[in-house]
Amino acid sequence: MIEKIQEYTVQFNPNSDLITVEPLEMTVYYDSYIKIPTMSNIPEGVELEGWYMPNGTKWDFDIHKLVDDIILTAKWKDENEPTVSITVCDATHFRYEASDNLGIVTWAVTVDSEEPNWNSIQSTTNFTGTYEVTRAGINTFWIKDSNNNTASASVTVYPIDITKDIGVLSST
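Residues numbered from 1 in each chain as written. Predicted model: local features only at pLDDT ≥ 70, side-chain atom pairs only at ≥ 80, totals over all residues. Heavy atoms only, no water.

Just checking my understanding: could you explain the overall build of the chain for this structure?
In terms of regular secondary structure, the chain is built from zero helices and 13 strands. Reading the chain from its N end, one meets helices and strands in the order β-β-β-β-β-β-β-β-β-β-β-β-β. The proportion of buried residues among the 172 residues of the chain is 35%. Within the chain, counting contacts between residues at least 6 apart in sequence, those at least 24 apart form 59% of the total. Split by element, the accessible area of the chain, about 11400 Å² in all, is 48% carbon and sulfur. (Helix = DSSP H or I, 4+ residues; strand = E, 2+ residues; numbered from the N terminus. Buried < 20%, exposed > 50% of the residue type's maximum accessible area, 1.4 Å probe, protein only. Contact = heavy atoms within 4.5 Å. Areas by Shrake-Rupley, 256 points an atom, 1.4 Å probe, with all protein chains shown as cover.)

Right under this line is the structure:
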């Protein structure tokens, strides 16, 4: 009786919206080595640190063999820190521009310069936008890249007493 050799799937998570990995998925026989995927569109100043298993262990393509389905996630070393700048538009809005070589940032706005709780924030690749300020104080726009590097910029918003008589606006 011939026994069928078990096949498993390895998925490669590039951990970047900009970097291309091929293939993203491959099928490998039980107890076999995995081929290193091909990568392209790697930004200048970014270097692959390695592929990591879900438990945080670095996968060694020369030693480790596949014995179950797995997702390997790329970890990148980025020489360039993320950046953020703020331009005040008016009393209640500011425009932000943020950049990061890896294309994935997490962003948040806080009052009084306190760093946000990153676990409750969504990721985005939209690095430019307008934010409406809802509270007076030091409003800080924060970003964090996939390597946990942070950058921030602040704008101070002073309270406005809208109950005072400021005149009547009219248009013709």
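Structure shown, so let's carry the discussion forward.
I keep staring at the nonpolar core and nothing clicks. Help me out?
Among soluble globular proteins, nonpolar side chains are generally buried collectively. Ranked by size, the top nonpolar core spans 18 residues in total, and within it Val-10, Phe-12, Ile-34, Trp-51, Trp-59, Leu-66 and Leu-72 carry the most contacts. Secondary-structure elements contributing two or more residues to this core are strand S1 (7-13), strand S3 (25-29), strand S5 (46-52) and strand S6 (70-78). Broken down by element, this core gets its largest block of residues, four residues, from S6. One finds Tyr-96, Phe-141, Ile-143 and Ala-151 within the second-largest nonpolar core, a separate group that totals five residues. (Core = buried A, V, L, I, M, F, W, Y, C linked by side-chain atoms within 4.5 Å.)

Can you walk me through the pattern of salt bridges in this structure?
Oppositely charged side chains can form a pair if their charged atoms are brought close together. Under the definition given, this model contains one salt bridge. Close ionic contact of Lys-75 with Glu-49 constitutes a salt bridge, the shortest N to O distance being 3.6 Å. With a gap of 26 residues between them, Lys-75 in strand S6 and Glu-49 in strand S5 connect regions that are remote in the sequence. Residue class for Glu-49 comes out partly exposed when judged on its relative accessible area of 30%. (Salt bridge = Lys/Arg side-chain N within 4 Å of Asp/Glu carboxyl O.)

Looking at this structure, how should I read the sheet that holds S5?
Within a sheet, each strand pairs with its neighbour through backbone hydrogen bonds, oriented either parallel or antiparallel. Read from one edge of the open sheet, four strands run S3-S1-S6-S5, paired in mixed fashion. Among the strands making up the open sheet, the edge pair consists of S3 and S5. Averaged over all neighbouring strand pairs, the angle between strand axes comes to 30 degrees, with direction disregarded. As paired elements, S5 and S6 share six bridges and run antiparallel to each other. Note that in S6 the partner of Tyr-52 across the bridge is Thr-73. (Pairing = 2+ DSSP bridges. Axes fitted to C-alpha atoms, helices over the stretch in contact; angles between N-to-C directions.)

Which parts of the structure should I look at to understand the packing of aromatic side chains?
Aromatic ring pairs are defined here through the distance separating the ring centres and the angle between the ring planes. A full pass over the atoms with the stated rule returns two aromatic pairs. An angle of 50 degrees between the planes, with centres 6.1 Å apart, marks the rings of Tyr-8 and Tyr-30 as tilted. Taken together, the residues span a long stretch of sequence, with Tyr-8 in strand S1 and Tyr-30 in the loop between S3 and strand S4 (38-40) at a distance of 22 residues. Above the plane of the ring of Tyr-52 lies Lys-75, whose end atom (NZ or CZ) is 5.7 Å from the centre. (Phe/Tyr/Trp six-rings, centres within 6.5 Å; stacked < 30°, edge-to-face > 60°. Lys NZ or Arg CZ within 6 Å of the ring centre and 35° of its normal.)

Would you mind showing me how to read unusual backbone geometry here?
With the exception of glycine, the majority of residues adopt a negative phi angle, and the majority of peptide bonds are in the trans configuration. A cis geometry characterises the amide bond from Glu-22 onward to Pro-23, with omega recorded as -5 degrees. Positive phi, normally seen in glycine, also occurs at Asn-15, with a value near 60 degrees. With respect to the element layout, Asn-15 can be found in the loop between S1 and strand S2 (20-22). Among the residues examined, Asn-15 registers a relative accessible area of 21% and is labelled partly exposed. Of note, Asn-41 is a non-glycine position whose phi angle comes to about 65 degrees, a positive value. Here Asn-41 is to be found in the loop between S4 and S5. Classification of Asn-41 by relative accessible area gives exposed; the value is 52%.

Explain the side chain of Ser-16 here, please?
Inspection of the secondary structure assignment puts Ser-16 in the loop between S1 and S2. A relative accessible area of 7% places Ser-16 in the buried class. Within the structure, Ser-16 has its side chain in polar contact with the backbone nitrogen of Ile-19 (distance 3.3 Å). (Polar contact = N/O pair within 3.5 Å; in protein donor to acceptor, adjacent residues only side chain to side chain.)

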